[in-house]
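Examination of the molecular architecture
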Amino acid sequence: FALPRKAACDITEWTWTQRLEQNGSTRIMLTINISAMLSMGFTSEEVNVLPESESESSTSQLYYATRDIKRREEILTDLTF
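1. Thoughts on unusual backbone geometry
Unlike most non-glycine residues, Asn23 shows phi in positive territory, near 65°. When you line up the elements, Asn23 lands in the loop between β1 (15–19) and β2 (26–30).

2. Thoughts on the side chain of Thr77
Along the polypeptide, Thr77 turns up in strand β6 (residues 76–77). Owing to a relative accessible area of 0%, Thr77 belongs among the buried residues under this scheme. Once residues lying within four places of it in the same chain are set aside, the contact partners of Thr77 are Leu38, Ser39, Met40, Gly41, Val47, Val49, Leu50, Pro51 and Tyr63.

3. Focus: the pairing of β1
Where β1 and β2 come together, five bridges link them in antiparallel fashion. Bridge assignment links Thr15 to a residue of β2, and that residue is Leu30. Hairpin connection, β1 to β2: the antiparallel pair is bridged by six residues, and Asn23 has positive phi, about 65°.

Rules used throughout
- Residues numbered from 1 in each chain as written.
- Predicted model: local features only at pLDDT ≥ 70, side-chain atom pairs only at ≥ 80, totals over all residues.
- Heavy atoms only, no water.
- Helix = DSSP H or I, 4+ residues; strand = E, 2+ residues; numbered from the N terminus.
- Buried < 20%, exposed > 50% of the residue type's maximum accessible area, 1.4 Å probe, protein only.
- Contact = heavy atoms within 4.5 Å.
- Pairing = 2+ DSSP bridges.

That's the geometry; what it means functionally is another story.
Given below as structure tokens:
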């Protein structure tokens, strides 16, 4: 099947730049797993998952729950980390 052009995903929206080593060159990073679908919580009370590692060079896409998540509750993170 094909999505209408305006509904198709733009993979560039899932990219960011990051240094993998101190003083190393900047690389373009891309997530191609389910973490790309996380939505942003607008308050700390809304956020219910955060990335496992907060180090600057981490490329981990592992997340942990910050509290119990209710059935059918949207998974929200802080995208400013």
